Amino acid sequence: MSVLKTPWQRAYRSVWRREQQYLARYETRRVSPLDAKLEELAPESLLETLHAAFSKAFSTVFEKGTGLIDRAGRQTQRRAACRVRQYAADQWEDRASLRAFTKAAGAAGRGNVLLSGAAGVGMGLVGAALPDVPLFTAMVLKCVYETGESFGFSHDDPSERRFILCLIETALSDGAELKERNQALNAFIQDGCWNDQPPMAVQLRATARQVSQAVLYGKILQGIPLVGVLGGAEDAVLLGRIQRYAAIKYERRFLIRRRLAQLR
């Protein structure tokens with residue numbers, strides 16, 4: 001007989017297992033033969049060019065927003081739906097009411113991944129790599145924003161934006177860096193405050209560099225007309241990875257925040 005008797009305990013156990021599976025999957029960095037060949041062909045300046053482009057894109061979206069991300073009507077609908085789920089969870093506190101948050105986050109994630117894949121393939125058909133950077137950045141932030149909103153978290157204040165940047169950086173990390181950064185995020189989730197974090201501008205550049213390294217091989221391919229379809233499709237793969245990790249982290253935050261509120 002399981003010792004996990006309450007719906008909250010079962011939900012927390014489920015998200016913990018998904019987190020462990022994610023860490024195990026990316027415990028070592030996997031480089032395909034194609035990636036190894038592209039690494040040999042990559043100009044030394046390309047990574048720095050991508051880093052600068054992603055740094056500018058993250059900064060621009062954070063400062064000004066985009067119509068793609070900040071459509072007020074859709075945001076209002078998502079927040080209203082979250083309040084309905086919150087009310088149901090408060091009334092019944094059963095597995096179904098808790099899983100409703102996870103299902104909403106999954107639905108939002110699938111839509112964003114499909115949209116990102118279509119956009120990346122379109123750019124690849126015409127051999128456009130660097131112009132895809134602002135669009136991909138907007139799609140990444142849109143996906144993370146909507147995942148967070150599914151669990152009742154906003155993206156408006158500086159602390160939340162730092163969490164988002166750290167989440168994206170961690171999601172695309174491997175090995176020891178992944179574990180270390182994941183532990184730092186869990187510490188914030190548990191305590192609600194950051195310890196020994198760099199200035200926001202430094203974190204933004206660090207996240208941009210991590211994204212640049214992750215997309216490097218895809219952007220090399222994406223710059224070649226027609227063949228670039230393969231590189232463009234990589235956008236959806238990376239966004240799916242980020243979304244899975246975001247869903248884990250936000251569900252963990254949701255469950256811990258809920259338990260702490262019940263204990264007060």
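Residues numbered from 1 in each chain as written. Predicted model: local features only at pLDDT ≥ 70, side-chain atom pairs only at ≥ 80, totals over all residues. Heavy atoms only, no water.

### Focus: the overall build of the protein
Phase 1: For the protein, the count of helices and strands is 10 helices and 0 strands.
Phase 2: Order of helices (α) and strands (β) in the protein, N terminus to C terminus: α-α-α-α-α-α-α-α-α-α.
Phase 3: Taking all 264 residues of the protein together, 45% fall into the buried category.
Phase 4: The long-range share in the protein, meaning contacts at least 24 apart out of those at least 6 apart in sequence, stands at 84%.
Phase 5: Counting only carbon and sulfur atoms, one obtains 58% of the accessible surface of the protein, whose full area is about 13100 Å². (Helix = DSSP H or I, 4+ residues; strand = E, 2+ residues; numbered from the N terminus. Buried < 20%, exposed > 50% of the residue type's maximum accessible area, 1.4 Å probe, protein only. Contact = heavy atoms within 4.5 Å. Areas by Shrake-Rupley, 256 points an atom, 1.4 Å probe, with all protein chains shown as cover.)

### Remarks on the nonpolar core
Phase 1: Counting 56 residues, the largest nonpolar core has Phe 54, Phe 58, Leu 141, Ile 168, Val 211 and Tyr 250 as the members making the most contacts within it.
Phase 2: It is helix H10 (residues 228-263) that provides the largest number of residues to this core, a total of 10 residues. (Core = buried A, V, L, I, M, F, W, Y, C linked by side-chain atoms within 4.5 Å.)

### Details of the pattern of salt bridges
Any two side chains of opposite charge can pair, so long as their charged atoms come close to each other.
Phase 1: In total, this model carries 10 salt bridges according to the counting rule given.
Phase 2: It is possible to trace a salt-bridge network through shared partners that takes in Glu 19, Lys 249 and Arg 252. (Salt bridge = Lys/Arg side-chain N within 4 Å of Asp/Glu carboxyl O.)

### Points about the environment of Leu 238
Phase 1: Along the chain, the position of Leu 238 falls in helix H10.
Phase 2: Through-space distance from the C-alpha of Leu 238 to that of Val 211 is 9.2 Å; in sequence the pair is 27 residues apart.
Phase 3: Setting aside chain neighbours within four positions, we find Leu 238 in contact with Phe 136, Leu 172, Ala 214 and Val 215.

### Brief notes about the confidence of the model for the protein
Phase 1: Here the protein shows a mean pLDDT of 79. Residues at 70 or above account for 74%.
Phase 2: In the model, residues 117-129 has pLDDT below 50 throughout and makes 33 contacts with residues more than four positions away in sequence or in other chains.
Phase 3: In the model, residues 225-229 has pLDDT below 50 throughout and makes 13 contacts with residues more than four positions away in sequence or in other chains. (pLDDT = per-residue confidence, 0-100.)

### Here we look at the packing of helix H7 (residues 158-171) against helix H8 (residues 175-191)
Phase 1: At a minimum axis separation of 9 Å, H7 and H8 run at an interaxial angle of 155°. Comparing the axis directions of H7 and H8 gives the class roughly antiparallel. Between H7 and H8 lies a crossing of left-handed hand. Facing Ser 159, Phe 163, Cys 166, Leu 167, Glu 169 and Thr 170 of H7, the residues of H8 in contact are Leu 178, Arg 181, Asn 182, Leu 185, Phe 188 and Ile 189.
Phase 2: Looking at side-chain class alone, the contact of H7 with H8 contains 7 nonpolar, 3 polar and 2 charged residues. (Axes fitted to C-alpha atoms, helices over the stretch in contact; angles between N-to-C directions. Parallel < 35°, antiparallel > 145°, perpendicular 65-115°, else oblique. Left-handed = near helix turned anticlockwise from the far one by under 90°. Nonpolar A, V, L, I, M, F, W, Y, C, P; charged D, E, K, R; others polar.)

### Points about the packing of aromatic side chains
Phase 1: Taken as a whole and judged by the stated rule, the model has 11 aromatic pairs.
Phase 2: With 6.4 Å between their ring centres and 75° between their planes, Phe 54 and Phe 136 make a pair best called edge-to-face. Residue Phe 54 is located in helix H3 (residues 44-64), and its partner Phe 136 is located in helix H6 (residues 132-150); the two are separated by 82 residues in the primary sequence.
Phase 3: Residue Phe 54 is classed as buried on the basis of its relative accessible area of 0%.
Phase 4: With a relative accessible area of 2%, Phe 136 lands in the buried category.
Phase 5: Relative to Phe 151, the ring of Phe 101 lies with its centre 6.4 Å away and its plane at 15°, an arrangement referred to as stacked. Taken as a pair, Phe 101 in helix H5 (residues 95-125) and Phe 151 in the loop between H6 and H7 lie far apart in primary sequence, 50 residues in all. (Phe/Tyr/Trp six-rings, centres within 6.5 Å; stacked < 30°, edge-to-face > 60°.)

### A word on the environment of Leu 50
Phase 1: Tracing the backbone shows Leu 50 in helix H3.
Phase 2: Put simply, Leu 50 and Val 211 are 161 residues apart on the chain and 8.8 Å apart in space, counted from C-alpha to C-alpha.

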